[in-house]
Amino acid sequence: GSRRTEVARLLPVLGETLARLVPRIPGLVPVVPVAAPVAEAVLAGTRAWPVRPVVVTEIEDKHDAFAASEAALTKSGTSTLELALAGVPMLVTYRVNPITAAIARRLVKVRYAALVNLLADREVVPELIQQACTPDRLAAALETLLTDRDAANAQRAAFRAALDSLRPPGGQSPSDAA
């Protein structure tokens, strides 16, 4: 995320998730793309992780990381669409202050947080939000994506269908249609 509150709220959970995965997935190398304003906070927050992550701040490095990734654990937001475009199977998580979550539940009328799920109008990628954002649940879901080729490939196929819905009819490019 690009906000310090996201980093403070999610990094400890992600670190604990990694601690559960490392013994089960040999050679696991976490890569954390970050926005420059929070890079130092992320570096500090990941020092105690069981495996030191590769922290990338440059857009080209982020795209390289996506291309090299078997799966991703990402926060909700534009990163979900970027990962779908790159064909990276993922699960989505997010956690906000409980008061903020209570307000959001009353105001937000969409069924999904991930853009690819919104496009598909179904849960293509698991969304482990708020109370479901626990290291045990995140680790189990991510392990499935890393070890079950059928689950990963099902997401990739659903990504293609959801992304195709963004194309204008008649085969025009989006800029020509605009």
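All of these numbers come straight from a predicted model, not from anything done at the bench.

Student: Account for the environment of phenylalanine 159, naming residues and giving values.
Tutor: Relative to the helices and strands, phenylalanine 159 is located in helix H8 (residues 149-164). Judged by relative accessible area, phenylalanine 159 falls into the buried class, the value being 1%. Separated by 114 residues in the primary sequence, phenylalanine 159 and glycine 45 place their C-alpha atoms 32 Å from one another.

Student: Can you break down the sheet that holds strand E4 (residues 90-94) residue by residue, with the values?
Tutor: With respect to topology, three strands assemble into an open sheet ordered E3-E4-E5, the strand pairing being parallel. Strand pairing shows two members of the sheet lacking a second neighbour, strand E3 (72-75) and strand E5 (127-129), which therefore form its edges. In this sheet, adjacent strand axes meet at a mean angle of 25° when their direction is disregarded. Relative to E5, E4 runs parallel, the two sharing three bridges. Considered in E5, the bridge of valine 92 is made with glutamate 127. In this fold helix H4 (residues 78-86) packs onto E3 and E4, with an angle of close to 150° to the strand it touches most, E3. Each of E3, E4 and E5 touches helix H7 (residues 135-147); the most contacted strand, E4, lies at about 165° to it.

Student: Describe in detail the environment of threonine 93, supporting the description with residues and values.
Tutor: Mapped onto the elements, threonine 93 comes out in strand E4. In this structure, the C-alpha to C-alpha distance between threonine 93 and aspartate 164, residues 71 residues apart in sequence, is 25 Å. In this structure, threonine 93 is in contact with Leu10, Leu73, Thr74, Lys75, Ser76, Leu128, Ile129, Cys133 and Leu138, ignoring residues within four places of it in sequence.

Student: Can you break down the side chain of threonine 93 residue by residue, with the values?
Tutor: For threonine 93, a relative accessible area of 1% translates into the label buried. Within polar-contact distance, the side chain of threonine 93 engages the backbone oxygen of leucine 128 at 2.6 Å.

Student: Mind laying out the packing of H7 against H8, listing which residues take part and the relevant values?
Tutor: At their nearest, the axes of H7 and H8 sit 5 Å apart, and the two run at 90° to each other. Judged by the inter-axis angle, H7 sits roughly perpendicular to H8. Contacts from Thr144, Leu145, Leu146 and Thr147 in H7 reach Arg149, Ala151, Ala152 and Gln155 in H8. Within the contact of H7 with H8, the residues separate by chemical class into four nonpolar, three polar and one charged.

Student: Any details on unusual backbone geometry? Residues and values, ideally.
Tutor: For aspartate 121, which is not a glycine, the phi torsion comes out positive at approximately 55°. Along the polypeptide, aspartate 121 turns up in the loop between helix H6 (115-120) and E5. Phi at glutamine 130 takes a positive value of approximately 55°, unusual for a residue other than glycine. Note on placement: glutamine 130 falls in the loop between E5 and H7.

Student: Account for the layout of surface pockets, naming residues and giving values.
Tutor: Taken as a whole, the largest pocket encloses approximately 1100 Å³ of empty space. Around the largest pocket, the lining is made up of 45 residues, and of these Val31, Val32, Pro33, Leu73 and Thr74 lie nearest the centre. Of all the elements in the fold, those that place two or more residues in the lining of the largest pocket are helix H1 (4-21), strand E1 (31-33), helix H3 (59-68), E3, H4 and H7. It is H1 that contributes the most residues to the lining of the largest pocket, eight residues altogether. Of the residues contributing to the lining of the largest pocket, the split by class is 29 nonpolar, nine polar and seven charged.

Student: Residue-level account of a nonpolar patch on the surface, with values.
Tutor: A grouping of Ile99, Ile103, Leu107, Val108, Val110 and Leu118 is seen on the molecular surface, where their side chains present a nonpolar patch of about 580 Å² in accessible area. When you line up the elements, valine 110 lands in the loop between helix H5 (98-107) and H6.

Criteria and thresholds
- Residues numbered from 1 in each chain as written.
- Predicted model: local features only at pLDDT ≥ 70, side-chain atom pairs only at ≥ 80, totals over all residues.
- Heavy atoms only, no water.
- Helix = DSSP H or I, 4+ residues; strand = E, 2+ residues; numbered from the N terminus.
- Buried < 20%, exposed > 50% of the residue type's maximum accessible area, 1.4 Å probe, protein only.
- Pairing = 2+ DSSP bridges.
- Axes fitted to C-alpha atoms, helices over the stretch in contact; angles between N-to-C directions.
- Contact = heavy atoms within 4.5 Å.
- Polar contact = N/O pair within 3.5 Å; in protein donor to acceptor, adjacent residues only side chain to side chain.
- Parallel < 35°, antiparallel > 145°, perpendicular 65-115°, else oblique.
- Nonpolar A, V, L, I, M, F, W, Y, C, P; charged D, E, K, R; others polar.
- 1 Å grid on protein atoms, 1.4 Å probe; cavity = no way out; pocket = protein on both sides within 12 Å on 5 of 7 lines; lining within 4 Å.
- Points joined across faces, edges and corners; volume = space filled by probe spheres on them.
- Patch = residues over 30% accessible without salt bridge, like charges linked within 9 Å, V, L, I, M, F, W, Y side chains within 5 Å.
- Areas by Shrake-Rupley, 256 points an atom, 1.4 Å probe, with all protein chains shown as cover.
- Salt bridge = Lys/Arg side-chain N within 4 Å of Asp/Glu carboxyl O.

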